[in-house]
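Commentary on secondary and tertiary structure
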Amino acid sequence: MSKKKGDRRERQARTILQEDGYNTESPNSTPYQQQVVDFFEVFDIMAVKPGEPVFFVQVKSNTARGIRTFHKECIEQQIPFDHVRVEFWVCHDGEGWRIFEITENGHEKVYDERDTNKNVLHTRAENRDDFNLQYKQS
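Thresholds, definitions, all that
- Residues numbered from 1 in each chain as written.
- Predicted model: local features only at pLDDT ≥ 70, side-chain atom pairs only at ≥ 80, totals over all residues.
- Heavy atoms only, no water.
- Helix = DSSP H or I, 4+ residues; strand = E, 2+ residues; numbered from the N terminus.
- Buried < 20%, exposed > 50% of the residue type's maximum accessible area, 1.4 Å probe, protein only.
- Areas by Shrake-Rupley, 256 points an atom, 1.4 Å probe, with all protein chains shown as cover.
- Arc of directions from axis to C-beta.
- Contact = heavy atoms within 4.5 Å.
- Pairing = 2+ DSSP bridges.
- Axes fitted to C-alpha atoms, helices over the stretch in contact; angles between N-to-C directions.
- Core = buried A, V, L, I, M, F, W, Y, C linked by side-chain atoms within 4.5 Å.

A few points about the overall build of the protein chain
- Looking only at helices and strands, one finds three helices and six strands in the protein chain.
- In sequence order, the secondary structure elements of the protein chain are arranged as α-β-β-β-α-β-β-β-α.
- Each of the 138 residues in the protein chain was classed as buried or not, and the buried ones make up 41%.
- As displayed, the protein chain has an accessible area near 8,400 Å², and 43% of this comes from carbon and sulfur atoms.

Regarding helix α2 (residues 67–76)
- For α2, the full list of buried residues reads Ile67, Phe70, His71 and Cys74. All buried residues of α2 lie within an arc of 100 degrees about the axis, which places them on one face of the element. Away from its buried face by more than 90 degrees, α2 exposes Arg68, Lys72 and Glu76.
- Taken together, the buried residues of α2 touch β3 (54–61), β4 (84–92), β5 (96–103) and β6 (106–112).

Points about unusual backbone geometry
- Even without glycine at this site, Asn62 takes up a positive phi of about 75 degrees.
- Residue position: Asn62 is located in the loop between β3 and α2.

Description of the sheet that holds strand β1 (residues 23–25)
- Spatial ordering of the open sheet is given by β1-β2-β3-β4-β5-β6, a layout of six strands whose pairing is mixed. Sheet topology places β1 and β6 at the edges, where each strand pairs with a single neighbour. Sheet twist, expressed as the mean angle between neighbouring strand axes with direction ignored, is 25 degrees.
- Bridging between β4 and β5 involves seven bridges; their strand directions are antiparallel.

Focus: the nonpolar core
- If you look at the biggest cluster of nonpolar residues, it comprises 15 residues, and the most contacted ones within it are Phe43, Phe70, Cys74, Ile79, Val86, Phe88 and Ile102.
- Secondary-structure elements contributing two or more residues to this core are α2, β4 and β5.
- Per-element accounting of this core gives the leading share, four residues, to β4.
- Cys74 has contacts with Val42, Phe43, Ile79, Phe81 and Val86, leaving out every residue within four places of it along the chain.

Comments concerning the pairing of β4
- Burial of β4 is extensive: nine of the nine residues sit out of reach of the surface.
- A two-sided burial pattern is seen for β4, the buried positions comprising Val84, Val86, Phe88, Val90 and His92 on one face and Arg85, Glu87, Trp89 and Cys91 on the other.
- Where β4 folds back onto β5 in an antiparallel hairpin, the turn is made up of three residues, including Gly94, whose phi is positive at roughly 70 degrees.

What about the pairing of β6?
- One ladder, built from six bridges, connects β5 with β6; its direction is antiparallel. Paired with Thr103 across the strands is Gly106, a residue of β6.
- Remark: two residues form the turn of the hairpin made by β5 and β6, two consecutive strands paired antiparallel.

Laid out in structure tokens, this is it:
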């Protein structure tokens, strides 16, 4: 994935979270940095919302390749899964988002926009009632 495409996908994910009431933060970076800077060297986005656990998201484009490595990195960083929510978001070009919840024991698909035949997350800002982050269709 190119840097521009990756940045675009991360902006889309932040917009989705913000539309659902989350305050989001991404790691600061400059064009002069030689390495990728992520929260805990693992996450692209941190989101907070009153009454909800802190939410960490890793965003990918077109493939969930690397999800097992991502899970291993979360374990190595001793992410407290009982206190935070961790997800792996994949945006497939022209098809929609697929979201996996990461737990201490592995990962589980919790939402696949491709199964619904409507790109709810792609149009999230246009129709706010179609999706909530509990992954239930209205």
